[in-house]
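So the chains spell out like this:
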Protein chains: 2
Amino acid sequence: MELVERPRGGFSVVLVDGQGSGPGAKRTSHHIVNRAAALVAEGARDGAVVRAVHDALYAMRDGQVSATLTLLSADLEAQTLLISQGGSVPVILKVDGEESVRVLKGTERPLGVHVRVRPQVTQLPLKQNQVVVACTDGVVDAGKRLGHPPFGPEGIADCMHTMTSGADAQRLAETILAGAVAADQGRARDDMAVVVLGIVNTEVTSCTRTLALECPF
Amino acid sequence: MELVERPRGGFSVVLVDGQGSGPGAKRTSHHIVNRAAALVAEGARDGAVVRAVHDALYAMRDGQVSATLTLLSADLEAQTLLISQGGSVPVILKVDGEESVRVLKGTERPLGVHVRVRPQVTQLPLKQNQVVVACTDGVVDAGKRLGHPPFGPEGIADCMHTMTSGADAQRLAETILAGAVAADQGRARDDMAVVVLGIVNTEVTSCTRTLALECPF
């Protein structure tokens, strides 16, 4: 996962899940996510970033390694919210004024293993009271390996509904992650990552940007 | 400012302040910070990153545009804390067991305007109870343009001392920024950014990494 500032204003989050597990998969994911972040930072448009990353992965690993990529962008110049998906991990979206959430299914094919891949790009006006949730398949599939019904987009939607206010993106991410881990009976069976992007109306006390990372080791 | 994961474990923060102000300076800073982040992500070592960024800026802008760069790294593989400076903006460092803070002065010359620049690299073991503060010159020079004594490393050290615990990096960053803005009589006269990197002993309730960005617009 990488967070990057867009050259014409705004931010993008890149979430990549490489095939497999262990150091090799981590290296592939790291490489892809940084390629994507560098392209966004240079000003490439989101759909082109997904295609370029796919082409590079396909060339580099000879079509043998797949990956899923979700790119969420708050583009302040175009005043749009962009959701680009390469792969079948769903993105869940709450739009202001709509009762139920939308589930964006993504593409049938992952990146890296077919000659051509067309990313699924969803574009919305950048308005208040929108919340987007992206995650890895370890989150939506939680419980599946234990023979239970998977956590799924429904589990995520439930977390979004039970939150009285959409203002706290971080708390929502923690709630979703906790729900997925619980569905896996307390131990994640696959890599889990959750990204929540909220455009919310809060009391702005200053024009300061804050970024905080906590990394236990 | 960019935050990037290191390929062999750990994180780096890149803080760049390009010469001048306005969209042109912002573009230069954005370009440099992303070059540096991409190099770190590829595995280049920190000193080499600063040199490469300097060379690129010098070549691209023909020695006419300067920039300062501070690169803070928590390298989990080598178990070191690395502080690389290109330019004369000081970095303030609190080491466990030492009564007073250390002030790392950086290099006399900024990046971009001389043929050769040697970054100042400080290396420490990655131990608990260390706090590093990096900032832009707008923070340390706050108050100067109004004819007052500048906020300076002393102002930052005061903030570090008054915090009873070093555990809350975010609160320390906010305190320093507020102090610098106050020294500029309530309105920042230059771009201000503060980075606090703390290696602290907290109650770890989970092994989850969290990253949170808040960006008012």
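Our subject is the structure that appears above.
These notes cover the structure that comes with them. (Residues numbered from 1 in each chain as written. Chains lettered and ligands numbered in written order. Predicted model: local features only at pLDDT ≥ 70, side-chain atom pairs only at ≥ 80, totals over all residues. Heavy atoms only, no water.)

## Quick notes on the pattern of salt bridges
Residue and element names in this part refer to chain B.
So, point 1. In total, this model carries 18 salt bridges over all chains according to the counting rule given.
So, point 2. Lys144 is the salt-bridge partner of Asp141, the closest N and O atoms lying 3.9 Å from each other.
So, point 3. Look at Asp141 and you get partly exposed, because its relative accessible area is 30%.
So, point 4. Classification of Lys144 as partly exposed rests on a relative accessible area of 49%. (Salt bridge = Lys/Arg side-chain N within 4 Å of Asp/Glu carboxyl O. Buried < 20%, exposed > 50% of the residue type's maximum accessible area, 1.4 Å probe, protein only.)

## Some thoughts on the pairing of strand E4 (residues 80-86) of chain A
Residue and element names in this part refer to chain A.
So, point 1. Counting buried positions over the seven residues of E4 gives seven, a clear majority of the element.
So, point 2. Alternating positions in E4 separate into two faces, Thr80, Leu82, Ser84 and Gly86 on one and Leu81, Ile83 and Gln85 on the other, with burial throughout.
So, point 3. Pairing between strand E3 (residues 67-75) and E4: seven bridges, direction antiparallel. In the strand pairing of E4, Ser73 is matched with Leu82.
So, point 4. Adjacent in sequence and paired antiparallel, E3 and E4 are bridged by four residues, among which Gln79 carries a positive phi angle near 55 degrees. (Helix = DSSP H or I, 4+ residues; strand = E, 2+ residues; numbered from the N terminus. Pairing = 2+ DSSP bridges.)

## Quick word on the sheet that holds E4(A)
Residue and element names in this part refer to chain A.
So, point 1. One open sheet holds the five strands; their spatial order is E1-E2-E3-E4-E7, and the pairing between them is antiparallel. Strand pairing shows two members of the sheet lacking a second neighbour, strand E1 (2-5) and strand E7 (120-125), which therefore form its edges. Strand-to-strand twist of the sheet, defined as the mean angle between neighbouring strand axes without regard to direction, takes the value 15 degrees.
So, point 2. Alignment of E1 against strand E2 (residues 10-18), held across four bridges, turns out to be antiparallel. (Axes fitted to C-alpha atoms, helices over the stretch in contact; angles between N-to-C directions.)

## A short note on the relation of the copies chain A and chain B
So, point 1. Placing chain A over chain B gives an RMSD of 0.0 Å and needs a rotation angle of 180 degrees, together with 0.0 Å of translation along the axis. What the superposition gives is, in effect, a two-fold axis relating one chain to the other. Minimal C-alpha separation from the rotation axis in chain A is found for A:Ala212, amounting to 2.6 Å.
So, point 2. Most of the interface of chain A is mirrored in chain B, where 100% of its interface residues are also at the interface. (Least-squares fit on C-alpha atoms with pLDDT ≥ 70 in both. Contact = heavy atoms within 4.5 Å.)

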